[in-house]
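# Structural features, examined
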Amino acid sequence: MSPFVLNSYEEMSEEAAQRVITFIQQAQDPVTLCFASGDTPLGMFDALIKAYKQGRVHFEKCSFIGLDDWVGLTHDDPGGGRFTMDHAFFNFVGVPKQRIHFFNAAASDLALEVEKINRVIDKQSGIDLAVLGIGRNGHLGFNEPGSPFDGKAHVVDLETGTQTVGQKYFDHEMTLNRGITIGLKQIAEAGQVLVLANGKSKAQAVKAMIDGPYSERCPASILQRHPNCQVLMDQEAAQLLEEK
Ligand code: PGA
């Protein structure tokens, strides 16, 4: 796991976008990307859209897997994972819907949704590049503390803290007690992982991810054993890290 501390959120976002661009440029074959949909990657999405408009990158050989979503929300519900991705990224970079594979978190049969995404990931031979945020409790996607390191996609009861923090994505009070997410095994098997973290609210989780024990109690610590994982963060998120 390689940590990189940048001076600001803007620098972190530019650096993340550049790494995604380089990854796509160097890929010989079609690639499968998985981008988190929280607040953290929004700056990276803006930088990627700008690069796309300037002709510095295109996404023709990319397909996309949704990382997670709040159970009960459709793709058209503002604040939901898919809605956010459409409105912050997909709608601006010419990706046809057939190449976007997201959970339908409003489906009556969530087990089928889980199965569908597991099948897509298997069919694409896994995720090539995952760009993730990290939760204050160390979650990746909605893999909360205690999630098995060998887990695939599943439906999850969310911690109270995750439900409370999640209200920030919505303009009215929401019930956010369950999530649907790809599993830690699928994240750990991605060819390359970029974790982005900014702000002091993430400092504790970043420390646990990088300096803490390899333990299911901190889901993100699974990445300590990933052969190609970079963590890009601003100084606030990095403030508790041990000097190396
Ligand atoms: P955020 O969410 O990017 O909105 O901080 C990250 C997460 O909870 O995984």
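The structure contained in this document is the topic of the report that follows. Since the structure is predicted, the reported quantities are computational estimates derived from the model, not experimental observations.

This part takes up the site of the ligand. Around the ligand, the structure places Gly38, Asp39, Thr40, Ile134, Gly135, His139, Lys168, Tyr169 and Lys202. Here His139 contributes a side-chain N or O atom positioned 2.8 Å from an oxygen atom of the ligand. In the model, an oxygen atom of the ligand is placed 2.6 Å from a nitrogen or oxygen of the Lys202 side chain. Contact with the protein chains covers 83% of the free accessible surface of the ligand, which is 280 Å². Among the residues forming the shell around the ligand, the class breakdown is two nonpolar, four polar and three charged.

This brings us to the packing of aromatic side chains. Summed over all chains, the structure comprises 15 aromatic pairs. Centre to centre, the rings of Phe59 and Phe89 are 5.4 Å apart; their planes meet at 85°, and the pair counts as edge-to-face. Of this pair, Phe59 sits in the loop between helix H2 (42-53) and strand S3 (62-65) while Phe89 is found in the loop between helix H3 (81-88) and strand S5 (100-101), placing the two residues 30 residues apart along the sequence. Summarising the burial analysis for this pair, Phe59 and Phe89 share the class buried. A centroid spacing of 5.6 Å and a plane angle of 50° characterise the contact between Phe89 and Phe90, whose relative ring orientation is tilted.

In this section: the packing of helix H1 (residues 9-26) against H2. What describes two packed helices is the angle between their axes and the distance between those same axes. Across the interface, H1 lies against H2 with an axial gap of 8 Å and an inter-helix angle of 55°. Relative to H2, the element H1 is oriented oblique. Relative to H2, the crossing made by H1 is right-handed. Residue-level contacts link Tyr9, Ser13, Glu14, Ala16, Ala17, Val20 and Ile21 of H1 to Leu42, Gly43, Met44, Ala47, Leu48 and Ala51 of H2. The class makeup of the residues in the contact of H1 with H2 is ten nonpolar, two polar and one charged.

Here H2 spans 17 Å end to end across twelve residues, near enough to the 16 Å set by a 1.5 Å rise per residue. Among the residues of H2, Gly43, Met44, Phe45, Ala47, Leu48, Ile49 and Ala51 are the ones counted as buried. Taken together, the buried residues of H2 touch H1, strand S2 (31-35), H3, strand S6 (129-132) and strand S9 (192-197).

An order of S1-S10-S9-S6-S2-S3-S5 is seen for the seven strands of this open sheet, with the pairing classed as parallel. Bordering the open sheet on either side are strand S1 (2-6) and S5, each of which pairs with just one other strand. Relative to strand S10 (residues 229-234), S9 is paired through five bridges, and the arrangement is parallel. Across the sheet, the residue bridging to Ala197 is Met233, located in S10.

What counts, and at which threshold
Residues numbered from 1 in each chain as written. Predicted model: local features only at pLDDT ≥ 70, side-chain atom pairs only at ≥ 80, totals over all residues. Heavy atoms only, no water. Near = heavy atom within 4 Å. Polar contact = N/O pair within 3.5 Å; in protein donor to acceptor, adjacent residues only side chain to side chain. Areas by Shrake-Rupley, 256 points an atom, 1.4 Å probe, with all protein chains shown as cover. Nonpolar A, V, L, I, M, F, W, Y, C, P; charged D, E, K, R; others polar. Phe/Tyr/Trp six-rings, centres within 6.5 Å; stacked < 30°, edge-to-face > 60°. Helix = DSSP H or I, 4+ residues; strand = E, 2+ residues; numbered from the N terminus. Buried < 20%, exposed > 50% of the residue type's maximum accessible area, 1.4 Å probe, protein only. Axes fitted to C-alpha atoms, helices over the stretch in contact; angles between N-to-C directions. Parallel < 35°, antiparallel > 145°, perpendicular 65-115°, else oblique. Left-handed = near helix turned anticlockwise from the far one by under 90°. Contact = heavy atoms within 4.5 Å. Expected span 1.5 Å × (residues − 1). Pairing = 2+ DSSP bridges.

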